[in-house]
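# Fold and geometry: a report
Residue strings, one per chain:
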Amino acid sequence: MPQVIRIADQFDLVPTKNYKYANWEFPNFNPIQSRLMEVFDNTSNIAIASSTASGKTICSEMFLAYEIRKNKGKGIYVGPMKSLAKEKEQDWTADTHHFHDLKTSIVTGDYRFTMSRIKELEESSLIVMTPEMLASKCRNYTSDKSKFLLDTSILVVDESHLLGVPSRGDHIEVAMMKLVEINPDIRIVLLSATMPNVDEICQWVTKITGRDTYFLESSYRPSPLNIHYETYYDGDKMYDDKELQKVGTACSIVEYYPDDKFLIFVHTKRTGQLMLESLKRYGVHAEFHYADLSLKQRLSLEDRFKTDKSFRVLVATSTMAWGVNTSARRVIIVGVHRGLQEVENYDIMQECGRAGRPKYDAQGDAYILVPEST
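Residues numbered from 1 in each chain as written. Predicted model: local features only at pLDDT ≥ 70, side-chain atom pairs only at ≥ 80, totals over all residues. Heavy atoms only, no water.

Next up on the list: the overall build of the chain. On a plain count of helices and strands, the chain comes out with 13 helices and 16 strands. Taken against the 2.2 N^0.38 rule, which gives 21 Å for 374 residues, the C-alpha radius of gyration of the chain at 21 Å falls within 12% of a compact globule. Summarising its shape, the C-alpha atoms of the chain cover approximately 60 × 50 × 40 Å along the three principal directions. Going through the 374 residues of the chain one by one, you find that 58% of them count as buried. Contacts in the chain between residues far apart in sequence, at least 24 positions, make up 74% of those at least 6 positions apart. (Helix = DSSP H or I, 4+ residues; strand = E, 2+ residues; numbered from the N terminus. Rg over C-alpha atoms; globule rule 2.2 N^0.38 Å. Buried < 20%, exposed > 50% of the residue type's maximum accessible area, 1.4 Å probe, protein only. Contact = heavy atoms within 4.5 Å.)

Rendered as structure tokens:
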């Protein structure tokens, strides 16, 4: 009978040259990736819950490369946001990436689903999608003649803890159930930094697929992340006064570390504008990343933030929270409320995780601003 099988990190590191289906520049897999060498080439599902920046993308590539190169199948990668899907498509099609010789396609709401697109997807080895588009293609499988769904041998779901989140997980859950109905042999890989109710999710995946699901939960993170709590005065003040108190506290942290790059998360556009105005008064080059910008504008901001040393602070709503790699040495989270509602803990942890990515810094620091009255 199919079951959930728990596995753990392996600290006896495996050389990357031992993996036959892809090449990486680094010599050894990390403790998470090393353990996966035991399971990547079987037919089981896998759920990986580990901290941000712990190399989960490499984990997904190990499974995708095996299914595509060895088993001659297709792979679908599902990212929770268009920006993350686009980032993966750009990374995997770059000349220096080991997937560069594969035909890769992207399917988000920005792309029309024409007959030529259907043919493109049938010819592609690797398909990058958003949950909404996967759900749509699965619902309309027959009318759209989406044969690529039947030919897919592996599905990678990034930020899969969203399965347990009301209103956000519906598309993913429906898509996965319908896809398994269409293609019972498909293998599922779940990636998450924070996965509440993981046992229930693993049991559910095991049930709908009828095969074992390995679950690897890890605390490994190559760049240590330090989390700090900073208070701001919130007594007997109107809304705007409290927002200004938070903004002022954030500005003082930015001033204290003049050589570091910051990603500052706000939970309303109003707070974001106040943050931007205050930083400019301090003479700090800052810009605002939020949902009203086009995808092209957001990607341009992300790229300039990584490459322009004078661009010190990127203010952002949750558009930057999910899986996006940044060059921020430090993160500030301006408050823990969105209106009258508390921001969910998994959102806060995702935002913290943007600090100190291994490519850019040896460690990261995140500052969560909380009211004194808490």
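Our focus in this paragraph is the pattern of salt bridges. Two side chains with opposite charge may pair up if their charged atoms get near one another. What the rule picks out here adds up to 16 salt bridges. The partner of Glu67 in a salt bridge is Arg187, with the nearest N and O atoms 3.1 Å apart. A residue pair is termed long-range when its members are at least 10 positions apart, and Glu67 in helix H2 (residues 56-70) and Arg187 in strand S7 (residues 187-192) qualify at 120 residues. Note on accessibility: Glu67 and Arg187 belong to one class, buried. (Salt bridge = Lys/Arg side-chain N within 4 Å of Asp/Glu carboxyl O.)

A two-sided burial pattern is seen for strand S4 (residues 104-107), the buried positions comprising Thr104 and Ile106 on one face and Ser105 and Val107 on the other. When S4 meets strand S5 (residues 126-129), the two strands line up parallel, connected through four bridges. When the bridges of S5 are listed, Ser105 appears paired with Ile127. (Pairing = 2+ DSSP bridges.)

Next up on the list: helix H4 (residues 115-123). Every buried residue belonging to H4 is among Arg117, Ile118 and Leu121, and all of these are buried. The buried side chains of H4 occupy one side of the element, clustering within an arc of 105° when seen end-on. Those residues of H4 that are exposed and aimed more than 90 degrees away from the buried face are Met115, Ser116 and Lys119. Buried positions along H4 lie against strand S3 (74-78), S4, S5, helix H6 (141-144) and helix H7 (147-151). (Arc of directions from axis to C-beta.)

One pass over the structure, following the stated rule, counts 16 aromatic pairs. Judged by centre distance (5.4 Å) and plane angle (85°), the ring pair of Phe40 and Tyr66 falls under edge-to-face. Placement of Phe40 in the loop between helix H1 (31-36) and strand S2 (45-49) and of Tyr66 in helix H2 is noted, with a sequence separation of 26 residues between them. Residue Phe40 shares its accessibility class with Tyr66, and that shared class is buried. Seen in terms of ring centroids, Tyr257 and Tyr367 are 6.4 Å apart; in terms of plane orientation they differ by 40°. Their pairing is tilted. You can see Tyr257 sitting in the loop between helix H10 (239-256) and strand S10 (262-265) and its partner Tyr367 sitting in strand S16 (residues 364-371), a full 110 residues away along the chain. (Phe/Tyr/Trp six-rings, centres within 6.5 Å; stacked < 30°, edge-to-face > 60°.)

Among the nonpolar cores identified, the biggest contains 43 residues, and Ile264, Met275, Leu279, Val313 and Ile332 are the most heavily contacted of them. Ranked by size, the runner-up nonpolar core spans 37 residues in total, among them Tyr19, Ile32, Met37 and Leu64. (Core = buried A, V, L, I, M, F, W, Y, C linked by side-chain atoms within 4.5 Å.)

Attention now goes to the environment of Ala362. With respect to the helices and strands, the residue Ala362 is situated in the loop between helix H13 (345-352) and S16. Assessed through its relative accessible area of 67%, Ala362 is described here as exposed. Once residues lying within four places of it in the same chain are set aside, the contact partners of Ala362 are Pro222, Ser223 and Pro224.

Right, let's talk about the layout of surface pockets for a bit. By volume, the largest pocket is sized at about 1500 Å³. If you go around the largest pocket, you meet 44 residues; those closest to its centre are Thr57, Ile58, Asp91, Asn325 and Lys359. Taken together, the residues of the lining of the largest pocket break down into 14 nonpolar, 16 polar and 14 charged. (1 Å grid on protein atoms, 1.4 Å probe; cavity = no way out; pocket = protein on both sides within 12 Å on 5 of 7 lines; lining within 4 Å. Points joined across faces, edges and corners; volume = space filled by probe spheres on them. Nonpolar A, V, L, I, M, F, W, Y, C, P; charged D, E, K, R; others polar.)

Before going further, it helps to examine the confidence of the model for the chain. In this model, the chain carries an average pLDDT of 88, and 94% of its residues clear a pLDDT of 70 or more. When mean pLDDT is taken per element in the chain, H1 scores highest with 97 and H6 scores lowest with 80. (pLDDT = per-residue confidence, 0-100.)

What follows deals with the sheet that holds S3. Spatial strand order, S1-S8-S2-S7-S6-S3-S5-S4: eight strands in an open sheet with parallel pairing. Every other strand in the sheet has two partners, leaving strand S1 (4-7) and S4 as the edge strands with one partner each. Across the sheet, the axes of successive neighbouring strands diverge by a mean angle of 15°, strand direction being ignored. Pairing of S1 with strand S8 (residues 213-217) involves four bridges; the strand directions are parallel. Counterpart to Ile5 in the pairing with S8 is Tyr214. (Axes fitted to C-alpha atoms, helices over the stretch in contact; angles between N-to-C directions.)

Now for the side chain of Asn45. With respect to the helices, strands and loops of the structure, Asn45 is situated in strand S2. A polar atom in the side chain of Asn45 sits 3.0 Å from the backbone nitrogen of Ile188. Here Thr213 takes part through its side chain, which lies 3.2 Å from a polar atom of the side chain of Asn45. When residues no more than four places from it in sequence are discounted, the contact partners of Asn45 are Ile186, Arg187, Ile188, Val205, Thr209, Arg211, Asp212, Thr213 and Tyr214. (Polar contact = N/O pair within 3.5 Å; in protein donor to acceptor, adjacent residues only side chain to side chain.)

In any sheet, the strands associate via hydrogen bonds between backbone groups, in a parallel or an antiparallel arrangement. Spatially, six strands are ordered S9-S16-S13-S10-S12-S11 in an open sheet, and the strand pairing comes out parallel. This sheet does not close on itself; its edge strands, each paired only once, are strand S9 (225-232) and strand S11 (286-289). Geometrically, the sheet is characterised by an average inter-axis angle of 20° between neighbouring strands, direction not taken into account. Of the pairings in the sheet, the one linking S9 to S16 comprises eight bridges and is parallel in character. Each bridged residue has a counterpart across the sheet, and for Tyr229 the counterpart in S16 is Ile368. Helix H11 (residues 269-281) contacts S10, S11 and strand S12 (313-316) of the sheet and is inclined by roughly 170° relative to S11. Running at roughly 150° to strand S13 (residues 330-333), H13 makes contact with S9, S10, S13 and S16 of the sheet.

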